[in-house]
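Results of the structural survey
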Amino acid sequence: MLEPPQVEIDATALQRELDALAEISEQPAPIVTRVLFSEADLRARRFIKRLCADAGLELREDAVGNLFARWPGKNPGLPPVATGSHIDAIPNAGKYDGVVGVLGGLEAIRALKRVGFEPARAVELIVFTAEEPTRFGIGCLGSRLLSGVLAPEKAAGLRDREGVSLEEWRARAGRAEAALGSVRLRRGCYSAFVELHIEQGPLLEREGIPIGIVEKIAAPATLRLELTGEGGHAGAVLMPGRRDALLAGAEIALAVERAVTSTGSDDSVGTTGVFRIEPGAVNSVPCRALLEIDVRDTQQSTRDAALWQIEQAVAEVCRRRRVEWNLQTLNADPPALCDTELVDTVASVCLRLGLQARRMISRAYHDSLFMAQLCPMTMIFIPCRGGVSHRPDEYSSPEQILQGARVLAGTLAALAAR
Ligand code: GLV
Ligand code: MN
Ligand code: MN
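Predicted model only: the values in this text are computed from it and were never measured.

Structural notes on the site of ligand 1
The local shell around ligand 1 consists of Glu131, Glu132, Arg296, Ala364, Tyr365 and His390. The side chain of Glu132 places a nitrogen or oxygen atom 2.9 Å from an oxygen atom of ligand 1. With respect to ligand 1, the backbone of Tyr365 contributes an N or O atom lying 2.8 Å from an oxygen atom. For ligand 1, whose free accessible area comes to 190 Å², the fraction covered by protein is 94%.

This is the structure:
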């Protein structure tokens, strides 16, 4: 590997931008909520576009709102090296998830520009649309479409809880001129993809290690379950005749816990993160329930066995309670393996920078899971306090973010030099 340029990350500017982006939220600080196509999401996109334009990057936005900011290389014939992440945030989130990879990626590029580094191939920052599943129940919407894992016809049919389709949302956001089919990229369009992200787990902090290099991303799956029972007066409908949708859902949520705790693997996790009931009145028997269930494991076969057990439980509980059910698998993705050469490249950058690094698994999913379909991929993790994420108290220090951006800059330089 060529000696990487000595870059200086402007930690002050980076922190200022992280703070400014956190202000753009649907809820008051310290809560960050930026759901796809919300006013806050659209404002955050404008903020990022302005920063990218100020950095002299060439901007392109595709039909689903994925944003590409390119620093052209000397040889336009070579596929670019890419980095990036997301700026949407789940309800009641913090300010680092995704954002560190976007603003850290931008600062890595600016730092390389400042030292006069001339990339042989283009370096591209990608801001992916809706890594979070909040609006449509499915995560990584932008990267699924880019990689072809999600067919455009299927994506067009996605509807949010209010019944508004992706097509309608695209029109509202002014992105509907081009068809969704135009989003897809071909395999090999990038030479590599490297995503900087907070760990969202406790290992780096616990071990006092500043950098994690991801070797594998765990296999995620999401189920959506609609239950229809029968409502009625809480005083008048006697217990033996009831078809209570909430009670069926409650038994199923417990069955999810049982399914993942009985696989024999500590890596199995299951969460019923959405549980809404109708009509939601204290003196009325719940007639309908909507559950969204997240199931993951590092091994696909173990995850699938848990899914099977959950499906059996849904059928058994609903028959016994005489509740109708509609169970949809929104996604059930395989795990992704990172590219060993890329992992080694990041490791040697860390070595040169004198930064200790450890190899690890990502239990969270990321757009990298789908970028792996297009090109070699890995991720750079930095510690976050207590391993906390998807909460307003999510935190990584300016120093930890700075080190992550330095490693990313060194990695991009190594990959763009040839
Ligand atoms: C990403 O936000 C995930 O849920 O892993
Ligand atoms: Mn997240
Ligand atoms: Mn994320």
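The discussion continues.
Side note on the coordination of the manganese ion (ligand 3)
Ligation of the manganese ion (ligand 3) by protein atoms is provided by His86 (NE2), Asp97 (OD) and His197 (NE2), these donors lying 2.0 to 2.3 Å from the ion. On the primary sequence, the residues serving as donors to the manganese ion (ligand 3) are separated as H-x10-D-x99-H. In this structure, the manganese ion (ligand 3) lies 3.7 Å away from the manganese ion (ligand 2), the two metals sharing Asp97 as a donor. Residue Asp97 is located in the loop between β5 (89-93) and α3 (99-114), and its partner His197 is located in strand β7 (residues 192-198); the two are separated by 100 residues in the primary sequence. Here Asp97 falls in the buried class, since its relative accessible area comes to 8%.

Description of the sheet that holds strand β11 (residues 269-278)
Taken in spatial order, the 4 strands of this open sheet run β11-β13-β9-β14, and their pairing is antiparallel. This sheet does not close on itself; its edge strands, each paired only once, are β11 and β14 (324-332). Along the sheet, successive strands turn relative to each other by an average axial angle of 15°, direction set aside. In terms of strand pairing, β11 meets strand β13 (residues 288-297) through 9 bridges, oriented antiparallel. Bridge pairing in β13 links Gly270 to Val295. Each of β9 (219-228), β11 and β13 touches helix α8 (residues 245-261); the most contacted strand, β11, lies at about 175° to it.

Some words on the packing of aromatic side chains
Counting across every chain of the model gives 4 aromatic pairs. Ring centres of Trp71 and Phe117 lie 6.3 Å apart, and the angle between their planes is 65°; this geometry places the pair in the edge-to-face category. You can see Trp71 sitting in strand β3 (residues 67-71) and its partner Phe117 sitting in the loop between α3 and β6 (123-128), a full 46 residues away along the chain. The same class applies to Trp71 and to Phe117, which are both buried. Positioned above the aromatic ring of Phe68 is the side chain of Arg60, whose terminal nitrogen or guanidinium carbon lies 4.1 Å from the ring centre.

Calculation criteria
- Residues numbered from 1 in each chain as written.
- Chains lettered and ligands numbered in written order.
- Predicted model: local features only at pLDDT ≥ 70, side-chain atom pairs only at ≥ 80, totals over all residues.
- Heavy atoms only, no water.
- Near = heavy atom within 4 Å.
- Polar contact = N/O pair within 3.5 Å; in protein donor to acceptor, adjacent residues only side chain to side chain.
- Areas by Shrake-Rupley, 256 points an atom, 1.4 Å probe, with all protein chains shown as cover.
- Donors = N, O, S within 2.8 Å, 3.2 Å for Na, K, Ca; no water.
- Helix = DSSP H or I, 4+ residues; strand = E, 2+ residues; numbered from the N terminus.
- Buried < 20%, exposed > 50% of the residue type's maximum accessible area, 1.4 Å probe, protein only.
- Pairing = 2+ DSSP bridges.
- Axes fitted to C-alpha atoms, helices over the stretch in contact; angles between N-to-C directions.
- Contact = heavy atoms within 4.5 Å.
- Phe/Tyr/Trp six-rings, centres within 6.5 Å; stacked < 30°, edge-to-face > 60°.
- Lys NZ or Arg CZ within 6 Å of the ring centre and 35° of its normal.

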